[in-house]
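As a plain string of letters, each chain reads:
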Amino acid sequence: MSSFKVNTCTMMNVALMVAMVTVISPRGAEAGRAFFVFGDSLVDNGNNNYLATPARADSPPYGIDYPSHQPTGRFSNGLSFPDLISESMGLEPTLPYLNPELNGQKLINGANFASAGIGILNDTGLQFVNILKMCRQFELFGEYKQRVGAMIGQAKAEQLVNNAVVLITLGGNDFVNNYFLPTFSLRRQQFALPVYCQFLISEYKNILMKLYELGARRVLVTGTGPLGCVPAELAYYGSRNGECSPEPQRATGLYNPQLFQMLQQLNSQIGSDVFISANAFDMNMDLINQPQQFGFVTSKIACCGQGLYNGIGTCTMLSNLCKNRDEYVFWDPFHPTERASRILVQQLMTGSTKYMNPMNLSTIMAIDANL
């Protein structure tokens, strides 16, 4: 058992207090910048391709607009959110950690540990069987640090992690693949929605504390997008004119403000802007409410799917498939197209404090370059 695995991913508050003794500078003059990714299908670049799970994007038409025009495990028609962040920062794209090609210089560039289907809670995504829960993603991150340490020395490996940009995207599955499951949901029986949101925040705090303990010093934390507005929810809700499903929207309205407040509190405790909140809800609602302003034809219908709003089932060779993916905000019933992701990443890079708080990624890079 790896020393990085803590009992069912529940970390003691003392871990953060120990880590707070010394706040390491986020940028070293001699170190290159790596990029690490943790989270769910919104940022999974293909780890689930190496796992025995149905939560995979390994068959056409996924990847139809990727450079190879082949499925890669990304839940997209082309490049993914992490790919576009790497591109915007001038970095090499990070490979899935389970990809056997991740070695040498590619390993030093960073790694993607994300796994489709996972959530903040360990019981989220149980129906997907063999996926990388957050405690397992952190185990693999510990393994990563050991491998890099064997290559360049432990001190430089720690510096590499301290200097890195880290992206973590969690929370959506804790609602759509847990609390709001149309079949029986133990969490829905256990918690009223406001209390469930509070529970998620307390568990997420433990995850972020562990990430800090493992050396992360620049962490982009995305809030939950407008869950009630994705084609899958429009179809399930039976929306007549594209109105968003009210209960998932209510959930995001309860959850996101608490998440952002928790991040501010952690930064205040640490005494440094470690955790950067990305307001994915407002970013996505801009596209959903005014698709034509951004050059889209629709923000209601998925490019690939079936049934009402193309929101039923998964994207397969038997699905309806749009001809021009650039005209659609959503690629499949849950995930954005590459073009929509490009617009979201632009907000990540240069957006105002409405979207990125306390600063955007361009500002982070400028500040860190001078340290």
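Residues numbered from 1 in each chain as written. Predicted model: local features only at pLDDT ≥ 70, side-chain atom pairs only at ≥ 80, totals over all residues. Heavy atoms only, no water.

Engineer: So what exactly am I meant to see when it comes to the pairing of strand S5 (residues 275-278) here?
Structural biologist: A regular strand places its side chains on the two faces of the sheet in alternate fashion. Where burial is concerned, the two faces of S5 agree: the one with Phe275 and Ser277 and the one with Ile276 and Ala278 are both buried. Of the strand pairs in this sheet, strand S4 (residues 219-222) and S5 are connected by four bridges, and their pairing is parallel. Paired with Val219 across the strands is Phe275, a residue of S5. In this sheet, strand S8 (residues 356-357) lies alongside S5 in antiparallel orientation, the contact comprising two bridges. Directly across from Ala278, in S8, lies its bridge partner Met356. (Buried < 20%, exposed > 50% of the residue type's maximum accessible area, 1.4 Å probe, protein only. Helix = DSSP H or I, 4+ residues; strand = E, 2+ residues; numbered from the N terminus. Pairing = 2+ DSSP bridges.)

Engineer: Would you take a moment to explain the sheet that holds S8 for this structure?
Structural biologist: Two orientations exist for strands paired in a sheet by backbone hydrogen bonds: parallel and antiparallel. Ordered by their spatial adjacency, six strands build an open sheet running S2-S1-S3-S4-S5-S8, and the pairing between neighbours is mixed. Each edge of the sheet is formed by a strand with only one pairing partner; in this case those strands are strand S2 (110-112) and S8. Inspection of the sheet shows strand S1 (residues 35-39) paired to strand S3 (residues 165-169) by five bridges, in the parallel sense. By the bridge assignment for S3, Phe35 is matched with Val165. Against the sheet, helix H10 (residues 246-270) makes contact with S4, S5 and S8, and its axis sits at roughly 165 degrees relative to S5, the strand it touches most. (Contact = heavy atoms within 4.5 Å. Axes fitted to C-alpha atoms, helices over the stretch in contact; angles between N-to-C directions.)

Engineer: Before we go on, may I ask you to explain the state of the cysteines in this structure?
Structural biologist: Each disulfide consists of one covalent bond between the sulfur atoms belonging to two cysteines. Inspection of every chain in the model, using the stated rule, returns three disulfides. The disulfide partner of Cys229 is Cys244, and the S-S distance across this bridge is 2.0 Å. Residues Cys229 and Cys244 are joined through a disulfide that is right-handed, its torsion about the S-S bond being 105 degrees. Note that Cys229 is positioned in the loop between S4 and helix H9 (231-237) and Cys244 in the loop between H9 and H10, a separation of 15 residues in sequence. The disulfide that involves Cys304 links it to Cys315, with 2.0 Å between the sulfurs. Looking along the S-S bond of the Cys304-Cys315 disulfide, the torsion reads about 90 degrees, which is the right-handed sense. (Disulfide = S-S within 2.5 Å.)

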